[in-house]
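Results of the structural survey
The chain contents come next:
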Amino acid sequence: MPISVSAGLPASRLFRCFRLAGAFFGTFSLLTACNSEPAETTASKPTKAPKADTEASTAPQAAPLRVSVFLEYSGGMKGFVPRGGADKPATEFQQRIGALITETQVNGAVAERKYYLCENAAPKPVKFEELRNLVQGNVAQAALGTELPQMLEGIFNRPKATEEVSVIISDFIYGPEDRSAFSQLPNLIRTSIAPVSRQQLAVAVFGETSRFYGSYFPAVKTPVQKRTLNGEKVPYYVWVVGPPAQVARYAAEVFRNAPAQQAFFGLKTSTPAFAPLLTKLTDPKLKSSGGTVYAENNGLTLNPSDDPVDFSVGLDLKELPAAWQKPAFLAQHLQVRLPNGQASLLPNSVRPLTDDEQSGQPVLAPYTHVARLRVSKLAAPTATLTLSLPAPETPDWVAAWSTTNDNTPAPRTFGLDQILAGVRQSYPTPLPAVFTVQLPLKNDK
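Please read all numbers here as calculations on a predicted model, not as lab measurements. (Residues numbered from 1 in each chain as written. Predicted model: local features only at pLDDT ≥ 70, side-chain atom pairs only at ≥ 80, totals over all residues. Heavy atoms only, no water.)

**Remarks on the confidence of the model for the protein**
Should the pLDDT be low somewhere, the predicted coordinates at that spot are not to be read in detail. With 80% of its residues at a pLDDT of 70 or more, the protein has an overall mean of 82. Counting interchain partners and residues more than four positions distant, the pLDDT-below-50 stretch residues 1-59 has 112 contacts. (pLDDT = per-residue confidence, 0-100. Contact = heavy atoms within 4.5 Å.)

Below is the structure:
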């Protein structure tokens, strides 16, 4: 069985490399056998998969989602859902929200779904067909108004509200009669979502714009209390609130075509499947090092004293929101830590595995992504390498979509930054990491 080894490799380590290559991967090609350069190898018959990969492939399925959808339907929202016809195309709101509630209704990840209208403060249960018809414009009269803090309180104070995923659709315009309440907006939001923060739930915010027809009611009241719009675009938002792993799953599996404007608070996932992959995965354009590495005792044994050691790792990131699964996002935000050593994520090395790779090599089936790591220094005999995804802070688009005067319709919302400041203040600083995985390392000096 041909294999690539470093010059001067001791016989004992050579034996371990041969043994691990055959026991780990059978007919698969090696990425970093005893050398970081790939070499082809074959075995006479398939052998048992390593423990780490077996555990990843037999991980229990995630519990089905229980989802409640809340649509604010006040006079200020009615303009998003004009009564259409063959000669009147649907608004962006009608297209996007119609698709979202339909996906919630039919998606196999959702075991139980309920629908509500928020008319004033108390959510009113409705059937899916009624909500769908309303989004299509088949309704005559909307409620006069809905106060934002009271609406959120009504949603989150329901029995068992914190045990499910709540999807809230609203323009989130807060226009109280008492203007002094504006200065307390972050505190009002913190109070209204107190059940969320007490239970350490996650909040995901998605911002979109849509054409709007009819009476537009700004938050900042002037002598002219309302304006009539004829297709100008104004914002609306979808909030997804619930247990962190369930919010992540809803965003990844149900709200798959989510808009680019996204913000997440308190989002965490279950620990993803994670393991070193000593198979031929990397882009041939990536520079390889000359250090040696091999798998041993559910970790890696390596010697970076002469040359850096490169190796690939597999990650199952399907629970992440779609925008967070993109290589550019992961390359920017993933952090590698190695106490008493030096490790890094190689540039341009994060990528999704292809369908052919996952189906053609069973050892890759548990993973959605691969990344290439480099250990340049390892001073201690043993250490634990940590790969984590810190939670991003409030993104820049929130400030860009905020305004202090919304009398002129535009893709901006009065006090949006203050609303989300109240959400952010409900969580600790820094935000908890989205996930953290660890890999034991041994220095083979």
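From this point, things continue past the structure.
**Quick look at the packing of aromatic side chains**
In this structure the tally under the stated criterion is 15 aromatic pairs. Between F80 and Y236, the ring centres sit 5.6 Å apart and the planes meet at 65 degrees, which makes this aromatic pair edge-to-face. Here Y236 lies in strand 6 (residues 227-242) and F80 lies in the loop between strand 1 (65-72) and helix 3 (92-106), a separation of 156 residues in the sequence. Each member of the pair, F80 as well as Y236, is classed as buried. Among the aromatic residues, those joined into a cluster by ring pairs are F80, F93, F212, Y216 and Y236. (Phe/Tyr/Trp six-rings, centres within 6.5 Å; stacked < 30°, edge-to-face > 60°. Helix = DSSP H or I, 4+ residues; strand = E, 2+ residues; numbered from the N terminus. Buried < 20%, exposed > 50% of the residue type's maximum accessible area, 1.4 Å probe, protein only.)

**Section: the pattern of salt bridges**
Within the structure shown, the criterion is met by 12 salt bridges. One salt bridge connects K233 with E92, and the closest N-O pair in it is separated by 3.3 Å. You can see K233 sitting in strand 6 and its partner E92 sitting in helix 3, a full 141 residues away along the chain. Residue classification places K233 among the partly exposed positions, given a relative accessible area of 39%. We note a salt bridge from R96 to E208, for which the minimum N-O separation is 2.9 Å. Of this pair, R96 sits in helix 3 while E208 sits in strand 5 (residues 202-216), placing them 112 residues apart in sequence. Here R96 falls in the partly exposed class, since its relative accessible area comes to 22%. (Salt bridge = Lys/Arg side-chain N within 4 Å of Asp/Glu carboxyl O.)

**Observations concerning the side chain of R424**
Structurally, R424 is set in helix 12 (residues 416-424). In this structure, R424 is in contact with F265, E393, T394, T429, P430 and L431, ignoring residues within four places of it in sequence.

**Digging into the packing of helix 6 (residues 185-192) against helix 12**
Packing of helix 6 against helix 12 leaves a shortest axis separation of 7 Å and a crossing angle of 45 degrees. Taken together, the axes of helix 6 and helix 12 are oblique relative to one another. As helix 6 packs across helix 12, the resulting crossing turns out to be right-handed. From helix 6, L185, P186, I189 and R190 reach across to helix 12, where they touch Q418, I419, G422 and V423. Across the contact of helix 6 with helix 12, the residue classes break down as five nonpolar, two polar and one charged. (Axes fitted to C-alpha atoms, helices over the stretch in contact; angles between N-to-C directions. Parallel < 35°, antiparallel > 145°, perpendicular 65-115°, else oblique. Left-handed = near helix turned anticlockwise from the far one by under 90°. Nonpolar A, V, L, I, M, F, W, Y, C, P; charged D, E, K, R; others polar.)

**Looking at helix 5 (residues 148-156)**
Listing the buried residues of helix 5 in full gives L148, P149, M151, L152, I155 and F156. Burial along helix 5 is one-sided: seen end-on, the buried residues are contained in an arc of 160 degrees. (Arc of directions from axis to C-beta.)

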